[in-house]
Amino acid sequence: MARKSLPILKQLIQHSTNRRFTSTASPRAVTLIPGDGVGPLVTDSVEQVMEAMKAPVYFERYEVRGDMKCIPNEVIDSIKKNKVCLKGGLRTPVGGGVSSLNVQMRKELDLYASVVHCFTLPGLPTRHDDVDIVVIRENTEGEYAGLEHEVVPGVVESLKVITKYCSERIAKFAFEYADVNKRKKVTAVHKANIMKLADGLFLESCREVATKYPEIQYEEIIVDNCCMQLVSKPEQFDVMVTPNLYGNLIANTAAGLAGGTGVMPGGNIGSDQAVFEQGASAGNVGNEKILQLKKANPVALLLSSAMMLRHLEFPSFADRLETAVRRVIAEGKFITKDIGGDSTTQEVVDAVIAALD
């Protein structure tokens, strides 16, 4: 197994210093999907900040709604062409025959790695002060394979799919990510004591990849114990690598510990494309009251766009944006209700723009 960094893998979260906030690079096109509910409100926030920074990106906007049957071909083509997409939340219907467009997009573009950075921000009161966890979740199989059928009336069978190929791929991504971002430990989360074949295969793959990275500490933890340890002593975790469903639950739990989904950035990374969006579940997408009051929290998507800028190799702009967001949170004057304030989305955006160096 080659030790060279994967071509798609860049420094997504490492905060750099002493870089000039300028760029001579040609502007990059980014596909923009505003999404449903508060999605257009928070993606507009990113556009305003990018314009204020004179960041070398421009957006190609496409309207996609969560109740569509599929992602339009022109949207997929745009992402394949631009290689990068910024996305607001899409509503996922509960039950019924309409599948999640979020899952469809991950499969269509083979966005096999979900990366969610859960960390405490100075000035934001939380139960724990030292959370800094990166959850790397396999994004294309597991329970999300969508293989369900009714065997007989009243009996439904849902298949969990785990493959050696995808397990090795996500494990290698996690260790490469830890290496590139100078993280010290990778923890594999599993339930191999019960699902001995499926989770056993995932665990076996992680162990094999771990031997290629002796300088990075490797450990394993059963998912139920992981949840308990996460809420009681989160500082013990660094990078976590998980199958699909566990990663969704763990990322949202870690986000809750670190200040809520409104401030957690994330991205879905593939071999050729990357889609950046709010890291943990966008539970406020359908909150009509937040939309009417225009008080959606833009911080998560602003920080996700900083990850996007770093992925595009514009680290000085990423640093500049992250620094401004951190200043606004630390001051505590302009923050939204979900993190203890009462500001509107626009007031937060204006404060971030004013805080730019």
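- Taking an unreviewed UniProt entry as the reference, the protein is identified by name as Isopropylmalate dehydrogenase-like domain-containing protein belonging to Anisodus tanguticus.
- The UniProt entry for the protein carries the following comment under Sequence similarities (unreviewed entry): "Belongs to the isocitrate and isopropylmalate dehydrogenases family."
- Entered under Function (unreviewed entry) in the UniProt record, the comment concerning the protein runs "Performs an essential role in the oxidative function of the citric acid cycle."

**With respect to helix H4 (residues 164-180)**
In step 1: For H4, built from 17 residues, the straight-helix expectation of 24 Å at 1.5 Å per residue is met to within 8% by its first-to-last C-alpha distance of 24 Å.
In step 2: Most of H4 is tucked away: 13 of the 17 residues are buried.
In step 3: A positive backbone phi angle near 60° is found at Lys 182, which sits one or two residues after H4.

**Re the packing of aromatic side chains**
In step 1: Using the criterion set out here, one finds four aromatic pairs in the structure.
In step 2: Ring centres of Tyr 112 and Phe 173 lie 5.9 Å apart, and the angle between their planes is 85°; this geometry places the pair in the edge-to-face category. Of the two residues, Tyr 112 sits in the loop between helix H3 (101-108) and strand S4 (113-119) while Phe 173 sits in helix H4, which places them 61 residues apart along the sequence. For the pair Tyr 112 and Phe 173, one class covers both residues: buried.
In step 3: An angle of 20° between the planes, with centres 6.4 Å apart, marks the rings of Phe 173 and Tyr 177 as stacked. Of this pair, Phe 173 and Tyr 177 both sit in helix H4, four residues apart, roughly one helical turn. Take Phe 173 and Tyr 177: they sit in the same class, and that class is buried.
In step 4: Pairwise contacts between aromatic rings join Tyr 112, Phe 173 and Tyr 177 into one cluster.
In step 5: The lysine or arginine in question, Arg 137, covers the ring of Tyr 144, its NZ or CZ lying 4.9 Å from the ring centre.

**Digging into the pattern of salt bridges**
In step 1: Here the structure, examined in full by the defined rule, presents 19 salt bridges.
In step 2: Ionic pairing is found between Lys 185 and Glu 219, a salt bridge with its closest N-O pair at 3.5 Å. Of this pair, Lys 185 sits in strand S8 (residues 185-190) while Glu 219 is found in strand S9 (residues 217-222), placing the two residues 34 residues apart along the sequence.
In step 3: Taking the shortest distance from any N to any O, the salt bridge between Arg 310 and Asp 319 comes out at 2.4 Å.
In step 4: Since its relative accessible area comes to 4%, Arg 310 is described here as buried.
In step 5: Residue classification places Asp 319 among the buried positions, given a relative accessible area of 3%.
In step 6: Beyond isolated ion pairs, a larger network of salt bridges with shared partners links Lys 164, Glu 168, Glu 204 and Glu 208.

Quick notes on the rules
Residues numbered from 1 in each chain as written. Predicted model: local features only at pLDDT ≥ 70, side-chain atom pairs only at ≥ 80, totals over all residues. Heavy atoms only, no water. UniProt positions renumbered as here; feature names shortened; annotations may be inferred. Helix = DSSP H or I, 4+ residues; strand = E, 2+ residues; numbered from the N terminus. Expected span 1.5 Å × (residues − 1). Buried < 20%, exposed > 50% of the residue type's maximum accessible area, 1.4 Å probe, protein only. Phe/Tyr/Trp six-rings, centres within 6.5 Å; stacked < 30°, edge-to-face > 60°. Lys NZ or Arg CZ within 6 Å of the ring centre and 35° of its normal. Salt bridge = Lys/Arg side-chain N within 4 Å of Asp/Glu carboxyl O.

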